[in-house]
Amino acid sequence: MARDKVVLAYSGGLDTSVAVKWINETYGLDVIAYTCDLGQGQDIQAIRDKALRTGAVEAIAEDVRNLFVDYFAFPSLMAGALYEGKYPLATALGRPLIAQLMVRVAKEYGAVAVAHGCTGKGNDQVRFDVTFQTLAPELKIIAPVREWKWTRTQELEYAAKHGIEVEATKKSIFSTDQNLWGRSIEAGILEDPWVEPPPETFQWTVDPRNAPNEPEEVEIVFDRGRPVALNGTDMDGTTLIEELNKIAGKHGVGRIDHIENRLVGIKSREIYEAPAAIVLHEAHREVEFLTLAKNALRFKTLVSQEYADLIYNGLWFSSLHQDLMAFVVSNQQYVSGTARVKLFKGHAMIVGRKSEHSLYRHELATYEEGDQYDSSAAQGFIKIHGLSQTTQAKHQMLKGPGGAGRPELPSIIPPAPESK
Ligand code: ARG
């Protein structure tokens, strides 16, 4: 009789390969391996073949880069989502999509469970589990690595005993995850926050010291917050990100070193490489500076932070996200335009921006001919603007001894300079 099935998020690495066998033995389930291409730069067909050799009864590999860009990466860009102001959220954005696709496969195949290879210490287990519980509460969740609690040696012994392929090449000294939006690197020597990441940490960005001695300029066009063209050529999001990762990476742009607050209560040291994401966030923000009204721009920073937190915390499929997205789309209505960014030795510098919806009005800003700003109105405005402060100074702070009697507080009024 056919056994019940489980859909396993399969990366082709040691953990998930061992998991195929371990789930067979421990839970008596047949494994359907699920692998998708989010732009991590791996041959997913080769991974699929490996899954079948490793004992999966079925293996699915699909290219979902466009879904990832259109529904996850670009919306997060429009929202300005940088976790703790630094991390563009590559890994965090990939998880809900993978989990959702796995649920779809599980339903198609009538599987009774889903499984992933996350440890019990990270954020990724939360993102997977919460998404599964939200979209398919009837599915059992199996997390082999969290459950077996082996040392690496024990895991290798298990692999040897069951004839599971272990790559001949030395395993990376780091734990990494990557997709189009960025590369996440942690563990090993990076666990010491004082240690500068060694050269082998990086794969997408050159050491800024070895970057070209000539700067390179890129021009990015946005349409209602979405990037639509690079250097004068219209392109789909996936191509645009892939191109920009190469160009910016060549100039050493996109390295991030972050002591980050995990959802599970731990502070951890994470290194990221996100050349395209960093340049796009800079460029996008710049078009916002030109096109968003002052109060909209300020309010947006609050939304950005909330949005980043909910992505990081695995709450993609929440109603708050739906609500914030409605705000973001509305807020991005006039965020169409072009930013010019100069890439040079690890830096991405904005050097120009334009938009047909620009709120930068030359006729208001200019000191030259054609000025339409009413300077005479400024005097009255300044009086009213400063009234609260001038009143307070007159009746309290500057009243002299007796009036300004808080000597225990540091003074904001500097003393007269000492004369020689
Ligand atoms: N700290 C990041 C996050 O929680 C990245 C985790 C990626 N995993 C890894 N094996 N490096 O989104």
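In this text, all values refer to a predicted model and were calculated from it rather than measured experimentally. (Residues numbered from 1 in each chain as written. Predicted model: local features only at pLDDT ≥ 70, side-chain atom pairs only at ≥ 80, totals over all residues.)

Points about the environment of Ala33
- Looking at the secondary structure, you find Ala33 in strand S2 (residues 30-37).
- Classification of Ala33 by C-beta neighbours within 10 Å gives buried; the count is 30.
- Expressed as a C-alpha distance, the spacing of Ala33 and Leu52, which sit 19 residues apart in the sequence, is 8.1 Å.
- Apart from the residues within four sequence positions on either side, Ala33 is in contact with Leu8, Tyr10, Val20, Ala51, Ala56 and Ala59. (Helix = DSSP H or I, 4+ residues; strand = E, 2+ residues; numbered from the N terminus. Buried ≥ 20, exposed ≤ 12 C-beta atoms within 10 Å, placed from the backbone. Contact = placed C-beta atoms within 7 Å.)

With respect to the pairing of strand S8 (residues 216-223)
- Note that S8 and strand S13 (residues 337-344) share seven bridges and pair antiparallel. By the bridge assignment for S13, Val221 is matched with Thr338.
- Direction of pairing for S8 relative to strand S9 (residues 226-230): antiparallel, over a ladder of four bridges. Each residue of the ladder has a partner; that of Val221, found in S9, is Ala229.
- The antiparallel pairing of S8 with S9 creates a hairpin that spans two residues between the two strands, and Arg224 there sits at a positive phi of about 45°. (Pairing = 2+ DSSP bridges.)

A short note on helix H7 (residues 152-161)
- Little of H7 sits inside the fold, with zero of its 10 residues counted as buried.
- A positive backbone phi angle near 60° is found at Gly163, which sits one or two residues after H7.

Let's talk about the site of the ligand
- With respect to spatial proximity, the complete set of residues near the ligand consists of Thr91, Ala92, Asn123, Ser175, Thr176, Asp177, Ser184, Glu186, Glu260 and Glu270.
- Put simply, the parts of the chain that give the shell around the ligand at least two residues each are helix H4 (90-109), strand S6 (175-179) and strand S7 (182-186).
- By residue number, the principal contributor to the shell around the ligand is S6, which donates three residues.
- A breakdown of the residues in the shell around the ligand according to their chemical character gives one nonpolar, five polar and four charged.
- Three or more residues apiece are contributed to the shell around the ligand by two domains, here domain 1 (5-171) and domain 2 (177-292 + 334-358). (Near = placed C-beta within 6 Å. Nonpolar A, V, L, I, M, F, W, Y, C, P; charged D, E, K, R; others polar. Domains from an automatic or database assignment.)

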